[in-house]
Amino acid sequence: MCKMKFVLLLCMVLYVTGLNEKQMKAAVKLARNMCQPKTKASNEDIEKMHSGDWNVDHSAMCYMFCALNMYKLMHKNNTFNYESAMTQLAQLPDSYRSFVKVCMDQCQDKAVTLNDKCAAAYELSKCMYFCNPEKYFLP
Ligand SMILES: *[C@@H]1O[C@H](CO)[C@@H](O)[C@H](O)[C@H]1NC(C)=O
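Residues numbered from 1 in each chain as written. Predicted model: local features only at pLDDT ≥ 70, side-chain atom pairs only at ≥ 80, totals over all residues. Heavy atoms only, no water.

Student: Please clarify how the nonpolar core should be interpreted in this entry.
Tutor: In a soluble, globular protein the nonpolar side chains are often hidden away together inside. One finds Met 49, Met 64, Val 100, Met 104, Met 128 and Phe 137 to be the most contacted residues of the largest nonpolar core, which totals 45 residues. Looking at this core, the elements that each hand over two or more residues are α2 (21-39), α3 (43-50), α4 (58-70), α5 (82-89), α6 (94-107) and α7 (117-131). The residues contacting Met 104, other than those within four sequence positions of it, are Leu 73, Phe 80, Tyr 82, Ala 85, Met 86, Met 128 and Phe 137. (Core = buried A, V, L, I, M, F, W, Y, C linked by side-chain atoms within 4.5 Å. Buried < 20%, exposed > 50% of the residue type's maximum accessible area, 1.4 Å probe, protein only. Helix = DSSP H or I, 4+ residues; strand = E, 2+ residues; numbered from the N terminus. Contact = heavy atoms within 4.5 Å.)

Student: Which parts of the structure should I look at to understand the state of the cysteines?
Tutor: Enumeration over the complete set of coordinates arrives at four disulfides. Here Cys 62 is linked by a disulfide to Cys 118, with a sulfur-sulfur distance of 2.1 Å. Around the S-S axis, the bridge from Cys 62 to Cys 118 shows a dihedral of about 100° and counts as right-handed. Of this pair, Cys 62 sits in helix α4 while Cys 118 sits in helix α7, and the two are 56 residues apart along the sequence. The disulfide that involves Cys 107 links it to Cys 127, with 2.0 Å between the sulfurs. (Disulfide = S-S within 2.5 Å.)

Structural measurements only, silent on function.
Take a look at the structure:
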């Protein structure tokens, strides 16, 4: 699960202790720092998604794929990896766990554009946002 070097330290912390909220925020920031340069998603599009406007460029959709893929939440066929999500759920801070579970249950089938990994990740992420906009937790 923790194959990439840059997440090694994070993974160690995560599996030993679980994440507190500060560490969770750091993990989110790490994904943004990795995925934004990689996909060239604009600050504007990322901010739009965080404020409920999901009318964004394809590069921002690929940004969401990069993030979900980094968290091992995507199957190779671009559907949601629910089992991996449930395994990781246990590591989230208490304040996140129950609503994240509700949202993952609600959103697990929302990837429909399966021939485009970016669009599929975007569809999942958008559902996660609208499931609980106040507590949106993706990068
Ligand atoms: C995608 O792959 C997963 C895991 O291999 C499988 O459980 C699921 O049924 C597949 N879904 C589709 C639509 O192919």
